[in-house]
Amino acid sequence: MAALHSKPNFSNAQVVEMVARLFSLTPSEIRPFPSYDDQNFYVSCMEGGEYVLKIMNSEDSENPSMIEVQTFAMSVLHRNGLPAQTALPNAAGQLMSLEEMDCGHGVQKYMVRLLTYLPGTTISKVPLTPQLLYETGKMAATMDQILQKMVHPNLGLLDREKFVWSLSNVPQLEANLNILEGDPLEEIVKSVIHQYKTSVMPKRSNFRKCINHGDFNDLNVLVQLDESGGHRISGILDFGDMNNGYYIYELAIAIMYMMTEHPEPVEVGGPVLAGWESVLPLNETEKDCLYALVLSRFCQSMVIARHAVKKHPENEEYLMISSRRGVHILRQLWELGKEQVEKAWFQSATQFSDRL
């Protein structure tokens, strides 16, 4: 989560100048894409081609080696047939450049990349059929398996021990619970954190380690119509939350965010789980902790988003998207309880797999 005034706020005119200077291209159309911490622009060029100009926030721009690892991960996935963006070299032959500019908060340094444009619409805008949810789970597991085989000299940077969005750091939320003071959800969030500490932390040694994308959400997955009139996944976006974690974390994150887009949230878990297990079956400990991890991600989304809005009220609409939708789902999952939710998820996953 970026510090105050670290999020870039470049104008279209500044973007045109940057694209021309760095990439020798002439934009014919520019439009902004939403972003949590950074600034993203769709860029169509007179020379032909569609791109995404990604300008990192000034805080993350201080760590070019991390951005290099993220960019490398995208290229690895692309080479292995997954729909990830790749970075284009600039006029100097580099995949990224640190630009010292003023976009309204004084002169700061921002890391700039030009990425390939992936066609499609976010999965948040289409009906989440059981088949599409299955493909989502399958894609998330395939992605993590490929990332885990990645070789790069700076992979150690992904040990982000204090990273607030890591599911290893759920107890960190306690420091910001004052943001929920007076909210009926406060007690549920406290109870989920307690459950995490008592039923997840002691068992983490039995989780299988991997590199997590860390933000496989409804705005970071693109889809396109397929030949049958359904949808297929056409893009995986935003590798800024990559970190060393566990396979089960990625599954929990995917289930949680897909639930926020479904009219019957509990029904999401089964097909996503079936897709995931078609690639990577869970062990018993991972199965036992899935419910608590999904609830923990809802708690992270709510607490971190509200904290971010306090710092950046001008970005409230985007920051609170998942948090607002998640409030009633978290309550529903908590009231149904672990046993009932797990039964629904695992029975549905088995039935879905049997039909394939």
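Residues numbered from 1 in each chain as written. Predicted model: local features only at pLDDT ≥ 70, side-chain atom pairs only at ≥ 80, totals over all residues. Heavy atoms only, no water.

Visitor: Just to check I follow, could you spell out the sheet that holds strand β9 (residues 221–225) for this structure?
Guide: To summarise the sheet geometry, strands pair through backbone hydrogen bonds and adopt either a parallel or an antiparallel arrangement. The 3 strands lie next to each other as β7-β9-β10, forming an open sheet whose pairing is antiparallel. Of all strands in the sheet, those with a lone pairing partner are β7 (121–122) and β10 (231–236), marking the two edges. In this structure, β7 lies alongside β9, joined through 2 bridges in antiparallel fashion. Note that in β9 the partner of Thr121 across the bridge is Val223. Strands in contact with helix α3 (residues 130–148) are β9 and β10; relative to β10, the strand with the most contacts, it is inclined by about 30°. (Pairing = 2+ DSSP bridges. Helix = DSSP H or I, 4+ residues; strand = E, 2+ residues; numbered from the N terminus. Contact = heavy atoms within 4.5 Å. Axes fitted to C-alpha atoms, helices over the stretch in contact; angles between N-to-C directions.)

Visitor: Can you walk me through the packing of α3 against helix α6 (residues 269–277) in this structure?
Guide: Geometry of a packed helix pair, given as the angle between the helix axes and the separation of the axes. Between α3 and α6, the shortest axis-to-axis distance is 6 Å and the interhelical angle comes to 40°. One way to sum up the angle between α3 and α6 is to call them oblique. In this structure, the crossing between α3 and α6 has a hand that is right-handed. Two secondary-structure elements touch here, α3 through Pro130, Leu133, Tyr134, Gly137, Lys138, Ala140, Ala141 and Asp144 and α6 through Pro271, Val272, Ala274, Gly275 and Trp276. (Parallel < 35°, antiparallel > 145°, perpendicular 65-115°, else oblique. Left-handed = near helix turned anticlockwise from the far one by under 90°.)

Visitor: When you look at helix α4 (residues 185–200) in this model, what are you seeing that I'm missing?
Guide: Residues spaced three or four apart along an α-helix point in a common direction, a consequence of the helix completing one turn every 3.6 residues. Between the first and last C-alpha of α4 there are 21 Å, a value that for 16 residues agrees with the 22 Å anticipated at 1.5 Å per step. Taken together, the buried positions of α4 are Leu185, Glu186, Ile188, Val189, Val192, Ile193, Gln195, Tyr196 and Val200. (Expected span 1.5 Å × (residues − 1). Buried < 20%, exposed > 50% of the residue type's maximum accessible area, 1.4 Å probe, protein only.)

Visitor: When you look at the environment of Gly275 in this model, what are you seeing that I'm missing?
Guide: Mapped onto the secondary structure, Gly275 falls in helix α6. Excluding anything up to four places from it in sequence, Gly275 contacts Tyr134, Gly137 and Lys138.

Visitor: How should I be thinking about the layout of surface pockets in this particular structure?
Guide: Counted as a void, the largest pocket has a volume near 610 Å³. Considering the residues around the largest pocket, the lining is formed by 27 residues, among which Phe33, Pro34, Thr122, Leu219 and Leu237 are closest to the centre. Among the elements of the structure, β3 (50–55), α2 (64–79), β6 (107–116) and β7 are those that each provide at least two residues to the lining of the largest pocket. Taken together, the residues of the lining of the largest pocket sort by class into 14 nonpolar, 9 polar and 4 charged. (1 Å grid on protein atoms, 1.4 Å probe; cavity = no way out; pocket = protein on both sides within 12 Å on 5 of 7 lines; lining within 4 Å. Points joined across faces, edges and corners; volume = space filled by probe spheres on them. Nonpolar A, V, L, I, M, F, W, Y, C, P; charged D, E, K, R; others polar.)

Visitor: Explain empty space enclosed by the protein here, please?
Guide: Empty space among the atoms becomes apparent when a probe as large as a water molecule is rolled across them. Inspection of every chain in the model, using the stated rule, returns 2 cavities of 30 Å³ or more. Looking at the second largest cavity, the residues that line it are Trp165, Ser166, Leu167, Asn212, Gly214, Asn243, Tyr249, Ile253 and Arg297. Looking at side-chain class alone, the lining of the second largest cavity contains 4 nonpolar, 4 polar and 1 charged residues.

Visitor: Explain the nonpolar core to me, please; I cannot follow it from the model alone.
Guide: Soluble globular proteins tend to pack their nonpolar side chains together in the buried interior. Membership of the largest hydrophobic core comes to 92 residues, with the highest contact counts inside it found for Leu290, Leu293, Val294, Leu330 and Leu333. Sequence-distant contacts of Val294, defined by excluding residues within four places in its chain, comprise Ala252, Ile255, Met256, Met259, Leu333 and Trp345. Ile30, Val43, Met101 and Val112 belong to the second largest nonpolar core, which has 19 residues in total. (Core = buried A, V, L, I, M, F, W, Y, C linked by side-chain atoms within 4.5 Å.)

Visitor: Explain the packing of aromatic side chains here, please?
Guide: Going through the model one piece at a time under the given rule, you end up with 7 aromatic pairs. Aromatic pair Phe207 and Tyr249: ring centres 6.3 Å apart, planes at 80°, arrangement edge-to-face. Residue Phe207 is located in the loop between α4 and β8 (209–212), and its partner Tyr249 is located in helix α5 (residues 247–259); the two are separated by 42 residues in the primary sequence. Assigned by exposure class, Phe207 and Tyr249 land together as buried. Three or more aromatic residues joined by ring pairs make a cluster, and in this case those are Phe33, Tyr42 and Tyr117. One residue, Arg31, lies across the ring of Tyr42, its end atom 4.0 Å from the ring centre. Taking the ring centre of Phe163 as reference, the NZ or CZ of Arg160 above it sits at 3.9 Å. (Phe/Tyr/Trp six-rings, centres within 6.5 Å; stacked < 30°, edge-to-face > 60°. Lys NZ or Arg CZ within 6 Å of the ring centre and 35° of its normal.)

Visitor: Hey, could you run me through the pattern of salt bridges in this one?
Guide: Pairing between side chains of opposite charge can happen when the charged atoms of each approach one another. Applying the stated criterion across every chain, the model contains 14 salt bridges. Across the salt bridge formed by Glu17 and Arg21, the nearest N and O atoms sit 2.6 Å from each other. Taken as a pair, Glu17 and Arg21 lie in helix α1 (residues 12–23) at a separation of 4 residues, close to a single helical turn. Salt bridges sharing partners connect three or more residues here, namely Lys203, Asp288, Lys338 and Glu342. (Salt bridge = Lys/Arg side-chain N within 4 Å of Asp/Glu carboxyl O.)

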